[in-house]
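Listed below, chain by chain, are the residues.
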Amino acid sequence: MDPSRSPSPSRYYLTTPIYYVNARPHLGHAYTTIIGDALARWHRLLGEEVRYLTGTDEHGLKIQQAADAAGTTPQEFTDRIAPLFQDAWRRLDISNDDFIRTTEPRHRLGVQQLLQRCYDAGDIELDLYAGKYCVACEEYYGDDELLEGDLCPIHKRPVEYFEEENWFFRLSRFQDRLLEWYAAHPGAIVPEFRGNEALGLIRGGLRDFSVSRTSLQWGIPLPWDPTHVAYVWFDALANYITAVGYGTDDERFRSWWPARHLIGKDIIRHHCVYWPAMLLSAGLEPPRGWAVGGWLLVGGEKMSKTSGNVVDPLDLVDDVGVDGFRYYVLAETTYGQDGDFTYEGLIARYNSDLANNLGNLLSRVATVVTKTCGGVGPAPSPSSPLAGAAAAAYEASAAAWADVQPNRALEATWSLIRATNAYLEANEPWKAEPGPVVDAVMGDALEALRIVAVLASPALPTTSQAVWERIGLGGAVTDQRLPAAVAWGGYPGGLEVTKGAPLFPRKA
Ligand SMILES: [Zn+2]
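Here is a short report on the structure shown in this document. (Residues numbered from 1 in each chain as written. Predicted model: local features only at pLDDT ≥ 70, side-chain atom pairs only at ≥ 80, totals over all residues. Heavy atoms only, no water.)

## Quick look at the packing of helix α2 (residues 61-69) against helix α3 (residues 74-91)
- Running from N to C, α2 and α3 point in directions that differ by 95°, and their axes come no closer than 8 Å. One element, α2, and the other, α3, form an angle in the roughly perpendicular class. Residues Ile63, Gln64, Ala66 and Ala67 of α2 pack against Pro74, Phe77 and Thr78 of α3.
- Residue classes in the contact of α2 with α3 are distributed as five nonpolar, two polar and no charged. (Axes fitted to C-alpha atoms, helices over the stretch in contact; angles between N-to-C directions. Helix = DSSP H or I, 4+ residues; strand = E, 2+ residues; numbered from the N terminus. Parallel < 35°, antiparallel > 145°, perpendicular 65-115°, else oblique. Contact = heavy atoms within 4.5 Å. Nonpolar A, V, L, I, M, F, W, Y, C, P; charged D, E, K, R; others polar.)

Have a look at this one:
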């Protein structure tokens, strides 16, 4: 782990979990993918070289079973579902740089190399496995983890007794190495309380886990024993390294790895315990960091096919637009905690923050500039009372994005919108005669809108570009670079301001 081989700090490699293709994309998938997209867009504004990865997890028993039930092959089945995810992300304006499918050759080669390295290190050994297994989780459970009546703690349905010869990863040998690594990398997991959960799992003792199955054909064969296919974790987790060239392009791999992972709280054990141990065994660096999210609940429950509360994000886009939906997902919930999705909450956020605050500000400014300033936006005053509010909004946004707290970042941006609306209400430019007094007020409001467009662009890419253009600015707001782009005084004045239709018509 020679530090000179680490990628430069201006590279930002971010991943979502890969999504299992036994279901169509739902609100839970969209939640994590939108958070990641906004983070990626923020880091691009900072001038970093960004790589944002998402993809699909396509092997395993459940896919085999679903394909059998549909009377098709697993490959044909996954070929049908994976594009639904790609299409959903396009429609939600997700700016991923890559989309990996675990059935791709680049992934198979990398998984086999990772397995071989861990096997050569002596950390993968043959053993008999017997235990209680949940088919839905593809996971064995100890008696202490099961619910009353031998029910899976996640699916609340009976587990099955399985016995088979498996290759095992000797996770039990990694307790000290993992604890040392985490002690040397404080804050690697955010929020902190989720990091403490991971440390608790490691201190509580680690069990070896099975890395292969003979009962299954739909997977990647072990390089030294092709009668077994790799099972779940070595296959799925490895996508984070195979997508940047592990096993196929080592130079490229070294230029990007390690990544930062966005994960859900239900996969802490696999991502924060199994995965760094696997990487250490193979002589690779653990991830640079993990940001652990809660669940977006619907009616207080985790969305699932069995509870019948699956929400299709694309239906919501029809109601409030892509940016309206993205804004709700980012602003409503504190990342790390569970959030509760309600349709009423979606509409309330849309009306208060987007229609009343942002939409109203743009509309007021454009109306006064059209009527009183001849349609030409004046320049801001260097000593504007809004300059301090703009600087504070940027500082607080930057700190919040760095902590993976999009709701705080947007709250900071909206505080500038509210300050600007209050400034207009105090000065009542709509009552003023044309002249330098109203020009100064409107120049300040236009400058605040310009800064808002930059700061809001990770959440609202289309709307921010529209604001940018309506106040007369050229080029793409995404080409702006922080912090220079939010320094007070950037609006040059003398630009044509366009009124246009309301950005966010109010919803009943
Ligand atoms: Zn289960």
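## A look at the side chain of serine 95
- Counting through the fold element by element, serine 95 comes out in the loop between α3 and β4 (98-101).
- Residue class for serine 95 comes out buried when judged on its relative accessible area of 18%.
- A distance of 2.8 Å separates polar atoms of two side chains, one belonging to serine 95 and the other to arginine 44.
- Residues in contact with serine 95, not counting those within four places in the same chain, are Asp37, Arg41, Arg44 and Tyr52. (Buried < 20%, exposed > 50% of the residue type's maximum accessible area, 1.4 Å probe, protein only. Polar contact = N/O pair within 3.5 Å; in protein donor to acceptor, adjacent residues only side chain to side chain.)

## As for the sheet that holds strand β9 (residues 209-210)
- Strand order in the open sheet formed by four strands is β6-β5-β7-β9, with antiparallel pairing between adjacent strands. Each edge of the open sheet carries a strand with a single partner, namely β6 (139-141) and β9.
- When strand β5 (residues 124-134) meets strand β7 (residues 160-169), the two strands line up antiparallel, connected through 10 bridges. Residue pairing for β7: glycine 131 is matched across the bridge by phenylalanine 162.
- Packing of helix α10 (residues 268-281) onto the sheet brings it into contact with β6, β7 and β9, and relative to β7 it is tilted by some 35°. (Pairing = 2+ DSSP bridges.)

## Section: the sheet that holds strand β12 (residues 225-230)
- The strand order across the open sheet formed by three strands is β10-β12-β11, and the pairing between neighbours is antiparallel. Strands at the two margins of the open sheet, each flanked by one partner only, are β10 (212-213) and β11 (221-222).

## Overview of helix α1 (residues 27-45)
- Here α1 spans 27 Å end to end across 19 residues, near enough to the 27 Å set by a 1.5 Å rise per residue.
- Burial runs high along α1: 17 of the 19 residues are buried.
- Looking at the residues trailing α1, positive phi occurs at glycine 47, about 85°. (Expected span 1.5 Å × (residues − 1).)

## Section: unusual backbone geometry
- Omega for the bond connecting valine 190 with proline 191 falls within 30 degrees of zero, at -10°, which places this linkage in the cis form.
- By the element assignment, proline 191 lies in the loop between β8 (189-190) and α6 (192-203).
- At the junction of leucine 482 and proline 483, the peptide bond is cis and its omega measures out at 0° in the coordinates.
- Along the chain, proline 483 turns up in the loop between α16 (461-470) and β18 (495-496).
- In this model, valine 232 sits at a positive phi of 40°, which is unusual for a non-glycine residue.
- Within the secondary structure layout, valine 232 lies in the loop between β12 and α7 (233-237).

## Digging into the environment of tryptophan 290
- Topologically, tryptophan 290 is positioned in strand β14 (residues 289-293).
- Among the residues examined, tryptophan 290 registers a relative accessible area of 1% and is labelled buried.
- With 269 residues separating them in the primary sequence, tryptophan 290 and valine 21 have C-alpha atoms 23 Å apart.
- Residues within four places of tryptophan 290 in sequence aside, it is in contact with Trp181, Tyr182, Ala188, Ile189, Val190, His261, Ile263, His271, Cys272 and Pro276.
- Separated by 2.9 Å, the side chain of tryptophan 290 and the backbone oxygen of histidine 271 make a polar contact.

## Digging into α6
- Here α6 contains 12 residues, and its C-alpha end-to-end distance of 16 Å stays within 8% of the 16 Å for a straight helix at 1.5 Å per residue.
- Residues Arg194, Gly195, Ala198, Leu199 and Ile202 constitute the buried set of α6. With its buried residues spanning 145° around the axis, α6 presents them on a single face.
- One or two residues past the end of α6 sits glycine 205, with phi positive at roughly 105°. (Arc of directions from axis to C-beta.)

## Regarding the packing of aromatic side chains
- Tallying each qualifying case throughout the model produces 27 aromatic pairs.
- Between phenylalanine 169 and phenylalanine 209, the aromatic rings sit 5.4 Å apart at their centres with planes inclined by 45°, giving tilted as the arrangement. Of this pair, phenylalanine 169 sits in strand β7 while phenylalanine 209 sits in strand β9; the two residues are 40 residues apart in sequence, bridging distant segments of the chain. Like phenylalanine 169, the residue phenylalanine 209 is buried in the burial classification.
- Measuring from ring centre to ring centre gives 5.8 Å for tyrosine 350 and phenylalanine 504, while their planes differ by 85°; the resulting arrangement is edge-to-face. Here tyrosine 350, found in helix α12 (residues 343-372), pairs with phenylalanine 504, found in the segment after β18; they are 154 residues apart in sequence, far enough to count as distant. (Phe/Tyr/Trp six-rings, centres within 6.5 Å; stacked < 30°, edge-to-face > 60°.)

It is worth stressing that arrangement in space is one thing and function is another; only the former is reported here.
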